[in-house]
Amino acid sequence: MTHIPPGLQGHINRKLVKQTVMTSVYGVTYIGARQQIQNRLLERGWSHNEQLYRCANYAARVRTYFFGLINPLVDVYISRNSPRG
């Protein structure tokens, strides 16, 4: 992953990404995640500009990347720990 955009440093916290994590089970897309993050940044007083898009884009890419790493591990865990019938 690339370095965190300077405008986003200090703004990444649980509230910024919680909605994207919670809606991932419903199949939120990368574009949907980016929009959710943009909305949280707008709530914090950011204005519509290129920096808002770049920062939300970066955060959504990171979220998508890590979900890609975690999902196969979750599938293995579930298959190994589910009750046998």
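Preceding this section is the structure that the text describes.
Per chain, residue numbering runs from 1 following the sequence as it is written. Where local features are concerned, this predicted model is filtered to residues with pLDDT of at least 70; where side-chain atom pairs are given and counted, the filter is 80 or more; whole-chain, interface and lining totals use all residues. Excluding hydrogens and water, the side-chain values take into account all heavy atoms of the structure.

Student: Please provide a residue-by-residue account of the packing of helix 1 (residues 14-22) against helix 2 (residues 30-43), values included.
Tutor: Simply put, an axis is a line fit to the C-alpha atoms, just over the touching stretch for a helix, and the angle between two N-to-C directions goes from 0 to 180 degrees. Helix numbers and strand numbers start at the N terminus; a helix is a DSSP run of H or I with at least 4 residues, a strand a run of E with at least 2. Contact geometry of helix 1 with helix 2 gives a least axis separation of 9 Å together with a crossing angle of 150 degrees. Considered as vectors, helix 1 and helix 2 are oriented roughly antiparallel to each other. Like other packed secondary-structure pairs, helix 1 and helix 2 cross with a definite hand, here right-handed. Across the interface between the two elements, K15, L16, Q19 and T20 of helix 1 pack against A33, Q36, I37, R40, L41 and E43 of helix 2. Each residue receives one of three labels: charged for Asp, Glu, Lys and Arg, nonpolar for Ala, Val, Leu, Ile, Met, Phe, Trp, Tyr, Cys and Pro, and polar for the others, Gly being one of them. A class-by-class count of the residues in the contact of helix 1 with helix 2 yields four nonpolar, three polar and three charged. If an angle is under 35 degrees, it is roughly parallel; if it is over 145, roughly antiparallel; if it lies from 65 to 115, roughly perpendicular; otherwise it is oblique. By convention the crossing between two helices is left-handed if the near helix lies anticlockwise of the far one by an angle smaller than a right angle, and right-handed if it lies clockwise. Contacts are assigned to residue pairs with any non-hydrogen atoms lying within 4.5 Å of each other.

Student: So, the side chain of Q38: which residues are in play, and what are the values?
Tutor: Here Q38 is to be found in helix 2. Using a 1.4 Å probe on the protein chains alone, a residue whose accessible area is under 20% of its type maximum counts as buried, one over 50% counts as exposed, and one in between counts as partly exposed. Residue Q38 is classed as buried on the basis of its relative accessible area of 10%. Among all residues touching Q38, those that are not within four sequence positions of it are L52, Y53 and A56.

Student: Now, about the pattern of salt bridges: what can you tell me, with residues and values included?
Tutor: Salt bridge, as applied in this entry: a Lys or Arg side-chain nitrogen positioned within 4 Å of an Asp or Glu carboxyl oxygen. In total, this model carries one salt bridge according to the counting rule given. A salt bridge links R40 to E43; the nearest nitrogen and oxygen atoms lie 2.9 Å apart. Of this pair, R40 and E43 are both found in helix 2, three residues apart, which corresponds to roughly one turn of the helix. In this structure E43 comes out as exposed when scored by relative accessible area, which is 53%.

Student: Please set out the side chain of R34 residue by residue, giving values where relevant.
Tutor: Relative to the helices and strands, R34 is located in helix 2. In this count, Lys and Arg are taken as positive residues and Asp and Glu as negative ones, while His and the chain termini are left out. It is E50 that comes nearest to the buried, bridge-free R34 among opposite-charge side chains, at 10 Å. Setting aside residues up to four positions removed in sequence, R34 forms contacts with Y53, A56, N57 and A60.

Student: Describe the environment of I37, and please don't skip the residues or the numbers.
Tutor: Tracing the sequence through the fold places I37 in helix 2. Excluding residues within four positions of it along the chain, I37 makes contact with L16, T20, A56, A59 and A60.

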